[in-house]
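Residue-level structure breakdown
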Amino acid sequence: MPRTRLTGWVVAIPMAVLALATIYPVVFTTNVAMKTRREYVLDRFSLADSLSWDNIVKAWTSVGMSRYFLNSVIVVACSVALLLLLIGSMAGFALARLRFRGSSTLFLGVLAALFIPFQVIMVPLARIMADTGLVDTYPGLVLAYVAQFLPFTIFLLTSYYSTVPADIVDAARIDGNTVYGVYWRIMLPIGAPALLSVGVLNALFCWNDVLISLLMMPSAEHRTLMVGVTSLRGQYSDDIPTFASGVLIAAVPVLVVYLFLQRQIADGVTAGSTKG
Amino acid sequence: MAAQSLSAVDAAVPASTAGAASSRRNRRGSRAERLAPLVLLAPAVLVIAGLRLWPLVLGINFSFTGDGDRNGLAVGFDNYLTLLGDPLFRTALRNVGLLVLLLPVAVAIPGLLATFIFLKVPGHRLYRGVYFFPAVLSPVIVGAIFNLLLAFDGPFNALLGGLGIPPVDWLGDPDVAIFAVVGVHVWATFGMALVVFLAGFATLDSSLLDAAKVDGASLPQTIWHVIVPSLSRTIQFVFVTTMIGMLTSMFGLVYVMTSGGPEGSTYLPEYYVWIQQGQMNQPALASAASTALFLIMLVVGLAQISILRRAGKED
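Each value, and the rule that gives it
Residues numbered from 1 in each chain as written. Chains lettered and ligands numbered in written order. Predicted model: local features only at pLDDT ≥ 70, side-chain atom pairs only at ≥ 80, totals over all residues. Heavy atoms only, no water. UniProt positions renumbered as here; feature names shortened; annotations may be inferred. Helix = DSSP H or I, 4+ residues; strand = E, 2+ residues; numbered from the N terminus. Buried < 20%, exposed > 50% of the residue type's maximum accessible area, 1.4 Å probe, protein only. Contact = heavy atoms within 4.5 Å. Areas by Shrake-Rupley, 256 points an atom, 1.4 Å probe, with all protein chains shown as cover. Lys, Arg positive; Asp, Glu negative; His and termini not counted. Charge placed at Lys NZ, Arg CZ, Asp CG, Glu CD. Disulfide = S-S within 2.5 Å. 1 Å grid on protein atoms, 1.4 Å probe; cavity = no way out; pocket = protein on both sides within 12 Å on 5 of 7 lines; lining within 4 Å. Points joined across faces, edges and corners; volume = space filled by probe spheres on them. Nonpolar A, V, L, I, M, F, W, Y, C, P; charged D, E, K, R; others polar. Domains from an automatic or database assignment. Buried area = accessible area lost by both parts, 1.4 Å probe. Salt bridge = Lys/Arg side-chain N within 4 Å of Asp/Glu carboxyl O. Polar contact = N/O pair within 3.5 Å; in protein donor to acceptor, adjacent residues only side chain to side chain. Arc of directions from axis to C-beta.

By the naming in an unreviewed UniProt entry, chain B goes by Sugar ABC transporter permease and is assigned to Lentzea flava. Among the UniProt annotations of chain B, the heading Sequence similarities (unreviewed entry) holds the following wording: "Belongs to the binding-protein-dependent transport system permease family."

As annotated in an unreviewed UniProt entry, chain A carries the name Sugar ABC transporter permease and is attributed to Lentzea flava. Its UniProt record gives chain A a comment under Subcellular location (unreviewed entry), which states: "Cell membrane". Annotation of chain A in UniProt includes, under Sequence similarities (unreviewed entry), the sentence "Belongs to the binding-protein-dependent transport system permease family."

Encoded structure:
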């Protein structure tokens, strides 16, 4: 409801320019990835002569992006799908819907953990991983991700489960379900929207991470995709189209997830920002 | 992320009283039933205590020991004195100061944009989805793309050239590079704050806006007297999350765009920790830098709690 149509347009034009500025970097990179080296050197702005997949194929095969891609998929799948959602929903259900001594203390512990950024604990964590032989292994990186994102996951799921009416739980108990039955048959299905939202968000966090992965997976064959992209930069500084192709390969899964699950991502980001 | 925790606390309080009914039934239940909370919580407790709380204690402890020859020996505050004497760490702290100064801008931009989207400027349906997009990209991807865009002979300088502005060495000039990195961070994350603001607007009482309109308030008046007071909680949330984001999620950008350079001008505490741990093999010094970063975060966190408490009392 701007005062007049005019003020509306006065604002709309800079906003449209900003929208272009938001999209252009990705479009530019895509265009560069389609160019040959010669084309890029001659003119980096013009549209690529043809849609050439040569650079993408090169980045995927000979540069080794396929291996990094697979590493990332494995780690993200194990961290998020298997562990974070399972452990997080069990804890969220117990904290939100079961009454037991010490529950508020435990909750405070999780609250405290949420305030500890990875940068603050990375040195001792690296040492623990080295001492237990988990450094440079898939389980080590998965465990590091689970530790990093579990507090957030528990908070989101606890607050979601707190909105589930207690009557539903009581009715299920009267029907003869055990506590575990209530968790498995009632809480998991009811929690599906929250699990999807927190799952997508965690998957993005893990997929996009570089610091934890750099620290926990030092060897080249264990590189995750984002670490792989950073290593491309030095190797292909004179072959920008191949570099751009590597960047694109790492970005496309995120782009696809964003197109289909934008709402769930936004829900996770905004949870707790208005009224708790 | 941190403020979400607080809301979860609020939400969890009624939950535990509501659970009283089921606990009465629990007492009649089998032993396995009574142990259920323990079983359900055990993995979470193990992971959080062992891999987050315990390392924090270890790290603080570690920061008072030596590196190299003095490995494991108690050295008191030596590491902290080394930090204060290190020009790179001082640059990192100065850059944190710069981030704090830029914080209001980083909050105001998405706030204003969200206001315009809420007021339905032409095209408002499109903007949310477009602006939010870079926020889901990895800092590595964003940094790599801007390496190309901000190159001396890159598109950005070409655009400026078209406007008659001479080219700038965005990532090579020590006086400019930190602003370039922070600028890219803001570009990449303003959509996150925008979405949070829009969620706040969704809770806004529209009759207040109608009243302002009837009274003939101008747009700036409406923003200042109606929107800002109504969204105080959201604004505080964005302030804190934006600050935490600046302190803990710029590693990827610095790593890819400048590697801390030129001349160490783009160092941030988190990058300093990484260099000391990963490259210089000085874990005790790195721990001291970590602890310093934690103290900065703690101040931010405590400020948040007190602000939210005050806001809660006003409700």
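Now, onward.
Helix and strand content of chain A: 13 helices and zero strands. With the C-alpha coordinates aligned to their principal axes, the bounding extent of chain A is approximately 75 × 65 × 35 Å. A burial count over chain A gives 57% of its 276 residues as buried. Of the contacts made within chain A by residues no fewer than 6 positions apart, 73% connect residues no fewer than 24 positions apart. Here chain A has roughly 11600 Å² of accessible surface; of this, 68% comes from carbon and sulfur atoms. Between the centroid of the 18 positive side chains of chain A and the centroid of its 14 negative side chains there is a distance of 8 Å.

The next point concerns the state of the cysteines. Residue and element names in this part refer to chain A. Applying the stated criterion across every chain yields a total of zero disulfides over all chains. C78 forms no disulfide, and the closest cysteine sulfur to it belongs to C206, at a distance of 11 Å. The partly exposed category is assigned to C78, whose relative accessible area is 28%. According to the relative accessible area criterion, C206 is buried, its value standing at 4%.

Another point: the layout of surface pockets. A probe as big as a water molecule, rolled over the atoms, marks out the empty space that is left. When its volume is computed, the second largest pocket comes out at roughly 610 Å³. Surrounding the second largest pocket, 20 residues form its lining, A21(A), F146(B), L150(B), F156(B) and W187(B) being those nearest its centre. In terms of residues, the lining of the second largest pocket owes the most to one element, helix α10 (residues 177–202) of chain B, which gives seven residues. Among the residues forming the lining of the second largest pocket, the class breakdown is 19 nonpolar, one polar and no charged.

Let's shift gears to the UniProt feature "domain: ABC transmembrane type-1" (unreviewed entry) in chain A. Mapped onto the present numbering, the UniProt feature "domain: ABC transmembrane type-1" (unreviewed entry) falls at residues 70–261 of chain A. For residues 70–261 of chain A, the helix share is 81%, the strand share is 0%, and the end-to-end C-alpha distance is 22 Å.

Moving on to the domain arrangement of chain A. Residues and elements named next belong to chain A. Segmentation of chain A into domains returns domain 1 (5–52) and domain 2 (57–270). Taken residue by residue, the interface counts eight residues in domain 1 and eight residues in domain 2. When the buried surface of domain 1 facing domain 2 is broken down by residue, T29, A33 and R37 rank first, second and third, together holding 58% of it. On inspection of domain 1 and its partner domain 2, the count reaches zero salt bridges. Across the contact surface, domain 1 and domain 2 share zero residue pairs in polar contact (both at pLDDT 80 or more). Where the side of domain 1 that touches domain 2 is concerned, the elements lending two or more residues are α1 (5–34) and α2 (37–42). Element by element, the count of residues in the side of domain 1 that touches domain 2 is highest for α1, at four residues. Across the side of domain 1 that touches domain 2, the residue classes tally to three nonpolar, three polar and two charged.

All names here are of chain A. Here, UniProt's "transmembrane region" (unreviewed entry) annotation points to residues 6–28, 68–94, 106–126, 138–162, 182–207 and 240–261. Here residues 68–94 runs as 100% helix and 0% strand, with 37 Å between its end C-alpha atoms. Taken end to end, residues 138–162 comprises 100% helix and 0% strand; its first and last C-alpha atoms sit 34 Å apart.

A few words on the side chain of N147(B). All names here are of chain B. One can find N147 in helix α8 (residues 139–149). Owing to a relative accessible area of 14%, N147 belongs among the buried residues under this scheme. Among the polar contacts made by the side chain of N147, one reaches the main-chain carbonyl oxygen of V256 at a distance of 3.1 Å.

Secondary-structure assignment places V121(B) in the loop between α6 (87–118) and α7 (124–132). In sequence terms V121(B) and L38(B) are 83 residues apart; their C-alpha atoms lie 53 Å from each other. Among all residues touching V121(B), those that are not within four sequence positions of it are G8(A), V11(A), M15(A), F116(B) and Y127(B).

For the rest of this paragraph, the subject is the interface of chain A and chain B. Facing 104 residues of chain A, the contacting portion of chain B comprises 112 residues. Summing both sides of the interface, chain A and chain B together bury roughly 9700 Å²; the carbon and sulfur share of this comes to 74%. At the boundary of chain A and chain B, one finds zero salt bridges. Seen at the junction of chain A and chain B, the total is 14 residue pairs in polar contact (both at pLDDT 80 or more). With 16 residues, α1(A) is the largest single contributor of residues to the side of chain A that touches chain B.

The next thing to look at is helix α5 (residues 78–85) of chain B. Residues and elements named next belong to chain B. Looking only at α5, the buried set comprises N79, Y80 and L83. Take α5 and look down its axis: the buried residues cluster within an arc of 100 degrees, on one side only. Exposed residues pointing more than 90 degrees away from the buried face of α5 are listed as L81 and L84.

Bringing the domain arrangement of chain B into the picture now. Interface size is often expressed as the accessible area that is lost when the parts come together. Residues and elements named next belong to chain B. Entries for chain B in the domain assignment read domain 1 (23–62) and domain 2 (78–314). In this structure, domain 1 and domain 2 have C-alpha centres spaced 36 Å apart. Taken together, the contact pairs four residues of domain 1 with six residues of domain 2. For the pair domain 1 and domain 2, the two sides together bury roughly 380 Å², of which 71% comes from carbon and sulfur. When the buried area of domain 1 at its contact with domain 2 is split by residue, L56, I60 and F62 rank highest and sum to 87% of it. Remark: the boundary between domain 1 and domain 2 carries zero salt bridges. On the surface where domain 1 and domain 2 come into contact, there are zero residue pairs in polar contact (both at pLDDT 80 or more). By residue class, the composition of the side of domain 1 that touches domain 2 is three nonpolar, one polar and no charged.

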